[in-house]
Amino acid sequence: LPACRDSRLFIKDLHFDDVAVRIYLPKVPSASKRRGVIFFHGGCGMFGSIRSYERICRYIARKSDSVVVSVGYGLSPEFKYPTQTLDCLTATVHFLKTAEKYGVDPGRIIACGDSAGGTFAAAVCQELVNRRDIPKIRAQVLIYPFLQALDFNLPSHQKNAFVGFLSQEHVVRFLLKYLNKDCSLKEAVLAGSHVPESMNLKYRKWVNPDLIPEIFKVGYKPPLPTSFLPQVHEETKELFGTRLSPLLAEDAVVCRLPETCIITCQHDVLRDDGLLFKKRLEDNNVKVTWYHIDEGFH
């Protein structure tokens, strides 16, 4: 939908340091500064737009009486990775610096996103933990986020491998297309051949089916061992960076992240990414609110 009139909201298309945004401001005057939401849409970094998330952002602005900024980051392949994360970061920093101009309390701004937008929200919050020149993000809201590219055989990947809309195979194919990689690497990445044993050993304390609650592991079968393929690893090194795999960030970063809300869905290949990140945050004494939708799909 294009920006159009809303009886309860002022809606404007702007640019925050050259990044396109659409801002939704409640019309009713507020006695105090409002909360702010910076929203990153989903779509694997290749699909989606401000326009396609118009209804959702209006709804959030009205229901929460908050000022919502929807970010129109550049899409792959026209804009190469990591433009998407950098655009989200640029828009967030601009909003934190100029919040009062829009009637927003800079200390009450949350970062929110769904699917790949959840990846961007998590990555932005991690990149901001060391910033002293701007206000802190108050919280992050991650709606069925993609958080790691190490293991595509977790219980939720197996159980929901062929669920419509986002299958196990689609996740890896979209990921490779997003990074402008050859999709013929898909089978090797699905099998885990892109991960050297040293990396598996390093990260098994964070990415491991043993960390998933038993209730979510019904029918799970450990995958057969696969041989490591150095050439595939070399081609896909970006998968292990924290901009794509925020779950792999070090504890020194995770312990400084803001209060977090994670939403997971039962019939979603990415469910276990959210469950594993929830545990990591809790292990680092970050307050987490978790909402699980039993009959939910990605």
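An unreviewed UniProt entry lists the protein chain under the name ADCL4 protein, with Pluvianellus socialis given as the organism.

Regarding the environment of Glu282
One can find Glu282 in helix H10 (residues 271–283). Using a relative accessible area of 36% as the deciding quantity, one classes Glu282 as partly exposed.

Comments concerning the sheet that holds strand E6 (residues 139–143)
The strand order across the open sheet formed by eight strands is E1-E2-E4-E3-E5-E6-E7-E8, and the pairing between neighbours is mixed. Of all the strands in the sheet, the pair left with one neighbour each is strand E1 (9–16) and strand E8 (288–297). The average undirected angle you get between the axes of adjacent strands in this sheet is 20°. In terms of strand pairing, E1 meets strand E2 (residues 19–26) through eight bridges, oriented antiparallel. In the sheet register, Ile11 faces E2, and the bridge partner there is Tyr24. Sitting on the sheet, helix H1 (residues 54–64) touches E1, E2, strand E3 (34–40) and strand E4 (67–72), and the angle it makes with E2 is about 40°.

A closer look at H1
Within H1, the full set of buried residues consists of Glu54, Cys57, Arg58 and Ala61. Buried residues of H1, seen end-on, are gathered within an arc of 100° and therefore sit on one face of the element. Exposed side chains of H1 directed beyond 90 degrees from the buried face belong to Arg55 and Lys63. Buried residues in H1 make contact with E1, E2, E3 and E4. Looking one or two residues beyond H1, the residue adopting positive phi is Asp65, at roughly 50°.

Remarks on the layout of surface pockets
The gaps left among the atoms become clear once a water-sized probe is rolled over them. Here the largest pocket is characterised by a volume of approximately 620 Å³. Lining the largest pocket are 26 residues, and of these Asp151, Ala191, Glu197, Asn200 and Pro223 lie nearest its centre. Elements with a minimum of two residues in the lining of the largest pocket: helix H6 (186–191) and helix H7 (197–203). Class assignment of the residues belonging to the lining of the largest pocket gives a composition of 15 nonpolar, six polar and five charged. In this model, the second largest pocket occupies a volume close to 290 Å³. Lining the second largest pocket are 13 residues; nearest its centre among them are Val37, Ile60, Lys63, Ser64 and Ser66. Residue assignment for the lining of the second largest pocket shows that the elements contributing at least two residues are E3, H1 and strand E5 (104–114). If you tally residues by element for the lining of the second largest pocket, the top one is H1, at five residues.

Observations regarding H10
Compared with an ideal rise of 1.5 Å per residue, which puts 13 residues at 18 Å, H10 spans 19 Å between its outermost C-alpha atoms and is within 8% of the ideal. With respect to burial, H10 is a largely interior element, 10 of its 13 residues being buried. Taken residue by residue, H10 has Arg271, Asp272, Asp273, Gly274, Leu275, Leu276, Phe277, Lys278, Arg280 and Leu281 as its buried positions. Check the buried side of H10 and you find it contacts helix H3 (116–127), E6, helix H4 (155–159), helix H9 (251–254), strand E7 (259–267) and E8. Two residues or fewer past H10, Asn285 is found with a positive phi of approximately 60°.

So, the domain arrangement of the protein chain
Looking at the assigned domains, one finds that the protein chain contains domain 1 (9–148 + 243–297) and domain 2 (155–240). Placing a centre on the C-alpha atoms of domain 1 and another on those of domain 2 gives a separation of 25 Å. The interface of domain 1 with domain 2 comprises 33 residues on the first partner and 29 residues on the second. For the pair domain 1 and domain 2, the summed buried surface comes to about 2,700 Å²; carbon and sulfur atoms form 69% of the total.

Some remarks on the packing of helix H2 (residues 83–98) against H3
Between H2 and H3, the shortest axis-to-axis distance is 9 Å and the interhelical angle comes to 60°. Considering the angle they form, H2 stands oblique to H3. Where H2 crosses over H3, the handedness of that crossing is right-handed. In contact with Gln84, Thr85, Cys88, Leu89 and Thr92 of H2, H3 contributes Phe120, Ala123, Val124 and Glu127. In terms of residue class, the contact of H2 with H3 is built from five nonpolar, three polar and one charged.

Calculation notes
Residues numbered from 1 in each chain as written. Predicted model: local features only at pLDDT ≥ 70, side-chain atom pairs only at ≥ 80, totals over all residues. Heavy atoms only, no water. Helix = DSSP H or I, 4+ residues; strand = E, 2+ residues; numbered from the N terminus. Buried < 20%, exposed > 50% of the residue type's maximum accessible area, 1.4 Å probe, protein only. Pairing = 2+ DSSP bridges. Axes fitted to C-alpha atoms, helices over the stretch in contact; angles between N-to-C directions. Contact = heavy atoms within 4.5 Å. Arc of directions from axis to C-beta. 1 Å grid on protein atoms, 1.4 Å probe; cavity = no way out; pocket = protein on both sides within 12 Å on 5 of 7 lines; lining within 4 Å. Points joined across faces, edges and corners; volume = space filled by probe spheres on them. Nonpolar A, V, L, I, M, F, W, Y, C, P; charged D, E, K, R; others polar. Expected span 1.5 Å × (residues − 1). Domains from an automatic or database assignment. Buried area = accessible area lost by both parts, 1.4 Å probe. Parallel < 35°, antiparallel > 145°, perpendicular 65-115°, else oblique. Left-handed = near helix turned anticlockwise from the far one by under 90°.

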